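Chain by chain, the residues:
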Amino acid sequence: MSTNKLDQLYRSVIMDHYKNPRNKGVLSDNNVTIDMNNPTCGDVIHLTLQVEDGVVQDAKFEGEGCSISMASASMMTQLVKGKKTEDAVQYAHLFSDMMLGKDVDDSVDLGDIEALSGVAKFPARIKCATLAWKALEKGVGNESEA
Amino acid sequence: MLSKEIRNYFPILDQEINGHPLVYLDSAATSQKPQQVIDALTKYYAEDNSNVHRGVHSLGNRATEGYENAREKAREFINAKSTQEIIFMRGATTALNTVAQSYGRANVGEGDEIVITYMEHHSNIIPWQQLAKEKGAVLKYIDLEEDGTLSLDKVRETVTDRTKIVSVMYVSNVLGTMNPIQEIAEIAHANGSVMVVDGAQAAPHLKLDVQKLDCDFLAFSGHKMCGPTGIGVLYGKKELLNQMEPIEFGGEMIDFVGLYDSTWKELPWKFEGGTPIIAGAIGLGAAIDFLREVGLDKIERHEHELAGLAMERMSEIEGLTIYGPHDPKKRAGIVTFNLEGVHPHDLATVLDMNGIAVRAGHHCAQPLMKWLDVSATARASFYLYNTEDDVDRLVEGLRMAKEYFQ
């Protein structure tokens, strides 16, 4: 069979993040730690953040899961580093909209995460992509309330 | 092997998925339904629908007859002594929860033991965890052998005279292992314990005989054996069921209702509170007729052959690990595996793009996944409608996935 439809999902930038994950590991000087799992499939993420003055100074993740979930985590950490916590939350919402197939504000620079837009066409895999973002939202959401 | 013609009974199989003829290898999650079962449901709703056990009118009689005939079919299917021992429920999960909440609560006390195994499905773990927590009882696990089988020596080591309940799955939904239930039941009984069997993966595939197994309770679901969803059976020995209290109260299950006290109907109805699952039971009866027509022994042999073939061809793929017993005779038609470098979800997506349906994840057996030291696996499960061509398509799909992710 042709791999055309698969290529819509597994774009090369996704495979690159999967095979060479950015920000993999645990931050020793973290002040926010989030553990999340996807109970339907067994994917797990351990996200550590260093948040100071309302800014995500650093982010690292560890976890186990499929290419989509791990690539998404890698892209997420790359994107939020240096962002204000409220902007990070905004990105999480925007990502969620993207997974629902909604049009997203194209003035926002999505960077690599744009490559994940194809996941919206694979309903069974949306949860894989959103795990890291849910962890982020929980982490910085709590932080901005604190 | 069974004839390919069997496929024609299953209308759903005649379709394309993502441009390829459907290969359905997820029957351990739920089986497909033959036309006979679909027709039985339609006929019931189109011609006989009515409530049971109460109406004086003709439709009520027809519905009652259909419902109670299905009970007789289920009795015969597992060779129970009496239809009083056949209780219709939503499925194996509800049946196991009923045993835990009714028999368990009345018979398990502080310091008593409940024994299960590492390979259990969540539905045969959590009801016992809850019971153990409530009663201060001890939940013990029988460890597995390296090939994912149970050794009777370890069963003997784990079961003691403090054990009140031993509950084991007949066939593993992950490893495919067929467990020696009859022998385990002997050990349980010798220690004064009851034997509970989760038969969810056994009922579709092997001839069940509760008298030969001498189990005290057996649970199974209709939807895994060509029947509809939402119907299953709790079998229990009459003398035990008679002692047990219902856990659901309301219509249908009562004898006399007073202002402050009530009495229950006799077996099996005292456990069937509310309007029963009439259409479901009739559909299950049709599924049992179908399976008996084909022959459970033939189905079992067919699955052994397909699983054996799949294991043989799959092990030629480099980096592919198959979990569970390597001797196909020790397992049912379930092949759980991982392919190095390809996560099971990715694998399932690639296969789906090729029209092949497999399951990926933890298969509702997280303790077993821990024991296997994996976070997830892929599973291909075979049933009577699968063919050698399906095995070829699977292997071809796996090779493609491997290449794609390289």
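None of the values given here were measured: they were computed from a predicted structure. (Residues numbered from 1 in each chain as written. Chains lettered and ligands numbered in written order. Predicted model: local features only at pLDDT ≥ 70, side-chain atom pairs only at ≥ 80, totals over all residues.)

K.L.:
Please explain the overall build of chain A as it appears in this structure.
P.N.:
When helices and strands are counted, chain A shows 5 helices and 3 strands. Each helix and strand of chain A, ordered N terminal to C terminal, gives the series α-α-β-β-β-α-α-α. What you see for chain A is a C-alpha radius of gyration of 15 Å, in line with the 15 Å of a compact globule of 146 residues. For chain A, the spread of C-alpha atoms along the three principal axes comes to 50 × 30 × 25 Å. (Helix = DSSP H or I, 4+ residues; strand = E, 2+ residues; numbered from the N terminus. Rg over C-alpha atoms; globule rule 2.2 N^0.38 Å.)

K.L.:
Looking at this structure, how should I read the overall build of chain B?
P.N.:
Helix and strand content of chain B: 13 helices and 17 strands. For chain B, whose C-alpha radius of gyration is 22 Å, the value lies close to the compact-globule estimate of 22 Å for 406 residues. With respect to the three principal axes, the spread of C-alpha positions in chain B is 70 × 55 × 30 Å. The burial tally for chain B puts 51% of its 406 residues in the buried class. (Buried ≥ 20, exposed ≤ 12 C-beta atoms within 10 Å, placed from the backbone.)

K.L.:
Hey, could you run me through helix H3 (residues 67-80) of chain A in this one?
P.N.:
In an α-helix, one turn spans 3.6 residues; hence positions three or four apart end up facing the same way. Taking 1.5 Å of rise per residue, the 14 residues of H3(A) would be expected to cover 20 Å, and the 20 Å separating its terminal C-alpha atoms lies within 8% of that figure. Just beyond H3(A), the residue with positive phi is Gly82(A), at close to 85°. (Expected span 1.5 Å × (residues − 1).)

K.L.:
I keep staring at the sheet that holds strand E8 (residues 194-198) of chain B and nothing clicks. Help me out?
P.N.:
Two modes of strand pairing occur in sheets, parallel and antiparallel, and in both the strands are linked by backbone hydrogen bonds. Residues and elements named next belong to chain B. Spatially, 7 strands are ordered E4-E10-E9-E8-E7-E5-E6 in an open sheet, and the strand pairing comes out mixed. Two strands close off the open sheet at either side, each with one partner strand: strand E4 (86-89) and strand E6 (138-142). In this sheet, adjacent strand axes meet at a mean angle of 20° when their direction is disregarded. As defined by bridge partners, strand E5 (residues 113-117) adjoins E6 across 5 bridges and the pair is classed as parallel. Bridging from a neighbouring strand, Glu113 pairs with Val138 of E6. (Pairing = 2+ DSSP bridges. Axes fitted to C-alpha atoms, helices over the stretch in contact; angles between N-to-C directions.)

K.L.:
Would you mind going over the nonpolar core with me for this structure?
P.N.:
Here is a general trend for soluble globular proteins: nonpolar side chains tend to be buried in one another's company. Counting residues in each nonpolar core, the largest one holds 167 residues, and the members touching the most others are Ala132(A), Leu136(A), Val197(B), Phe217(B) and Val233(B). Per-domain counts for this core show at least three residues from each of domain 1 (4-32 + 296-404) and domain 2 (38-292) of chain B. Once residues within four sequence positions are removed from consideration, Val233(B) is found in contact with Ala74(B), Ile86(B), Ile87(B), Phe88(B), Met89(B), Ala95(B) and Phe220(B). (Core = buried A, V, L, I, M, F, W, Y, C linked by C-beta atoms within 7 Å. Domains from an automatic or database assignment. Contact = placed C-beta atoms within 7 Å.)

K.L.:
Hey, could you run me through the environment of Ile288(B) in this one?
P.N.:
By the element assignment, Ile288(B) lies in helix H9 (residues 278-294). Other than its neighbours up to four places away in sequence, Ile288(B) contacts Lys73(B), Ala74(B) and Phe77(B).

K.L.:
Would you take a moment to explain the interface of chain A and chain B for this structure?
P.N.:
Often the size quoted for an interface is simply the accessible area lost on bringing the parts together. With 16 residues of chain A at the contact, the number on the chain B side is 15 residues. In terms of residues, the side of chain A that touches chain B owes the most to one element, helix H1 (residues 4-9) of chain A, which gives 3 residues. In the side of chain A that touches chain B, the residues fall into 8 nonpolar, 5 polar and 3 charged. (Nonpolar A, V, L, I, M, F, W, Y, C, P; charged D, E, K, R; others polar.)

K.L.:
Could you clarify how one ought to interpret the sheet that holds strand E16 (residues 359-361) of chain B in this entry?
P.N.:
Residues and elements named next belong to chain B. Strand order in the open sheet made by the 4 strands is E13-E14-E17-E16, with antiparallel pairing throughout. Because the sheet does not close on itself, it has two edges, and the strands there are strand E13 (320-323) and E16. Each strand axis lies, on average, 30° off the axis of its neighbour in the sheet, ignoring direction. Strand direction decides the pairing type here: E13 and strand E14 (residues 334-339), joined by 4 bridges, are antiparallel. Bridge pairing in E14 places Leu320 opposite Leu339. With respect to the sheet, helix H11 (residues 344-353) is in contact with E14, E16 and strand E17 (377-381), its orientation differing from that of E16 by roughly 160°.

K.L.:
I would appreciate a short explanation of the packing of helix H1 (residues 35-48) of chain B against H9(B) in the present structure.
P.N.:
Between two packed helices, both the angle of their axes relative to each other and the distance between the axes serve to describe the pair. All names here are of chain B. Their axes nearest at 8 Å, the elements H1 and H9 cross at an angle of 150°. Considering their axes alone, H1 and H9 lie roughly antiparallel with respect to each other. Where H1 crosses over H9, the two elements pack in a sense that is right-handed. For the pair H1 and H9, the contacting residues are Gln36, Val37, Ala40, Leu41, Tyr44 and Tyr45 in the first and Ala279, Ile282, Gly283, Ala286, Ala287 and Phe290 in the second. Split by residue class, the contact of H1 with H9 holds 10 nonpolar, 2 polar and no charged. (Parallel < 35°, antiparallel > 145°, perpendicular 65-115°, else oblique. Left-handed = near helix turned anticlockwise from the far one by under 90°.)

K.L.:
I'm lost on unusual backbone geometry in this one. Help?
P.N.:
Note: most residues except glycine have negative phi, and most peptide bonds are trans. All names here are of chain B. Cis rather than trans, the peptide bond between Leu267 and Pro268 has omega equal to 0°. Turning to its location among the elements, Pro268 is positioned in the loop between strand E12 (262-264) and H9. At Asp214, a residue that is not glycine, the phi angle is positive and equals roughly 55°. In this fold, Asp214 is placed in the loop between helix H7 (210-213) and strand E9 (217-221). Even without being a glycine, Cys226 presents a positive backbone phi close to 75°.

K.L.:
Help me understand the domain arrangement of chain B, please; the structure alone is not making it clear to me.
P.N.:
Residue and element names in this part refer to chain B. Per the domain assignment, the segments of chain B are domain 1 (4-32 + 296-404) and domain 2 (38-292). For domain 1 and domain 2, the distance between their C-alpha centroids amounts to 28 Å. Across the contact, 28 residues belong to domain 1 and 28 residues belong to domain 2. Put simply, the parts of the chain that give the side of domain 1 that touches domain 2 at least two residues each are helix H10 (296-314), E14 and helix H12 (366-372). In terms of residues, the side of domain 1 that touches domain 2 owes the most to one element, H10, which gives 6 residues.

K.L.:
What is the right way to read the pairing of strand E11 (residues 254-257) of chain B from this model?
P.N.:
Looking down a regular strand, the side chains alternate between one sheet face and the other. Residue and element names in this part refer to chain B. Sheet topology places E11 next to E12; 2 bridges connect them, and they run antiparallel. Pairing of Ile254 across the sheet is with Trp264, part of E12. Taking the residues that link successive antiparallel strands as the turn, the E11-E12 hairpin has 4 residues.

K.L.:
What am I meant to see in the environment of Met119(B) here?
P.N.:
Residue and element names in this part refer to chain B. Within the secondary structure layout, Met119 lies in the loop between E5 and helix H4 (126-135). Residue class for Met119 comes out buried when judged on the 27 C-beta atoms lying within 10 Å of it. Excluding residues within four positions of it along the chain, Met119 makes contact with Leu144, Gly148, Met169, Ser172, Val174, Leu175, Thr177, Ala365 and Leu368.

K.L.:
Help me understand the pairing of strand E3 (residues 55-64) of chain A in this model?
P.N.:
Residues and elements named next belong to chain A. The pairing of strand E2 (residues 43-52) with E3 spans 9 bridges and is classified as antiparallel. Opposite Val51, over in E3, you have Val56 as the bridge partner. Where E2 folds back on E3, the antiparallel hairpin that results is connected by 2 residues, among which Asp53 adopts a positive phi of roughly 50°.

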